[in-house]
Amino acid sequence: MAAAPLPDTAPAQDLARVIVTKVFVRGLKVEAQIGVYDHEHGRMQPLVVDVELDVAASHCERLPDTVNYEMVGEAARAIVAEGHIDLVETFAERLAQACFADPRVTRARVRVEKPLALAPHAAAAGVEITAVRG
């Protein structure tokens with residue numbers, strides 16, 4: 001038996017209201033001078049970054065209506081370019097703050113993995129923070 005078609009009584013945008021849009025980037029790879037130990041100074045190490053942003057936006061039809069996820073990669077590379085960072089926590093906090101440059105971002109979850117930190121005993125070590133607009 002075929003399903004009955006839905007009644008065409010209202011435009012699609014009237015059927016649901018978007019409350020929060022999640023913008024995310026998963027598995028972003030960057031090379032950074034990071035770490036507190038002597039052997040970590042003066043050399044690059046890989047980081048793998050995941051970012052999830054809650055955005056107060058609805059009915060996006062054009063790029064300017066959105067938070068462009070390319071901004072996350074640009075911000076991560078800019079932070080790395082500033083020079084040595086001791087802690088992955090510091091990198092995560094700086095990246096979250098950079099995401100709040102767009103006033104529509106209300107929450108940022110940033111996860112930073114350092115794949116070589118405990119190699120070969122673990123696949124990665126790192127930190128995840130959640131920041132909210134204050």
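See the structure shown above.
Not measured: the values here are computed from a predicted model. (Residues numbered from 1 in each chain as written. Predicted model: local features only at pLDDT ≥ 70, side-chain atom pairs only at ≥ 80, totals over all residues. Heavy atoms only, no water.)

## Some details on the pairing of strand E2 (residues 45-55)
And then number 1: The buried fraction of E2 is high, at 10 of 11 residues.
And then number 2: Pairing of strand E1 (residues 21-32) with E2, which is carried by 10 bridges, proceeds in the antiparallel orientation. Looking at the pairing, valine 25 lines up with valine 51 of E2.
And then number 3: Across 8 bridges, E2 lies against strand E3 (residues 105-114) in antiparallel orientation. Following the sheet pairing, valine 48 is matched in E3 by glutamate 113. (Buried < 20%, exposed > 50% of the residue type's maximum accessible area, 1.4 Å probe, protein only. Helix = DSSP H or I, 4+ residues; strand = E, 2+ residues; numbered from the N terminus. Pairing = 2+ DSSP bridges.)

## Some remarks on the nonpolar core
Soluble globular proteins tend to bury their nonpolar side chains together.
And then number 1: Counting residues in hydrophobic clusters, the biggest one holds 32 residues, and the most contacted among them are Leu47, Val49, Leu53, Phe91, Leu95 and Val110.
And then number 2: Elements that contribute at least two residues to this core include exactly E1, E2, helix H1 (70-81), helix H2 (88-99), E3 and strand E4 (125-132).
And then number 3: Among the elements that take part in this core, H2 stands out by supplying 6 residues, more than any other.
And then number 4: Ignoring anything within four residues of it in the chain, the contact list for leucine 95 reads Val49, Val51, Val72, Ala75, Ala76, Ile79 and Val110. (Core = buried A, V, L, I, M, F, W, Y, C linked by side-chain atoms within 4.5 Å. Contact = heavy atoms within 4.5 Å.)

## Digging into the pattern of salt bridges
It is possible for side chains bearing opposite charge to pair when their charged atoms get close.
And then number 1: Within this structure, the stated rule accounts for 10 salt bridges.
And then number 2: Between lysine 22 and aspartate 54 there is a salt bridge whose closest N-O contact spans 2.6 Å. With lysine 22 in strand E1 and aspartate 54 in strand E2, the pair connects residues that are 32 residues apart, well separated along the chain.
And then number 3: Arginine 94 is the salt-bridge partner of glutamate 82, the closest N and O atoms lying 3.9 Å from each other. With glutamate 82 in the loop between H1 and H2 and arginine 94 in helix H2, this residue pair connects regions lying 12 residues apart in the sequence.
And then number 4: Via salt bridges that share partners, Lys22, Glu52, Asp54 and Arg107 belong to a single interconnected network. (Salt bridge = Lys/Arg side-chain N within 4 Å of Asp/Glu carboxyl O.)

## Focus: H1
And then number 1: With 12 residues, H1 should cover 16 Å at 1.5 Å per step; its first-to-last C-alpha distance of 17 Å lies within 8% of that length.
And then number 2: Listed in full, the buried residues belonging to H1 are Val72, Gly73, Ala75, Ala76, Ile79 and Val80. All buried residues of H1 fall inside an arc of 165° around its axis, so they share one side. Exposed and oriented more than 90 degrees from the buried face of H1 are Glu70 and Ala81. (Expected span 1.5 Å × (residues − 1). Arc of directions from axis to C-beta.)

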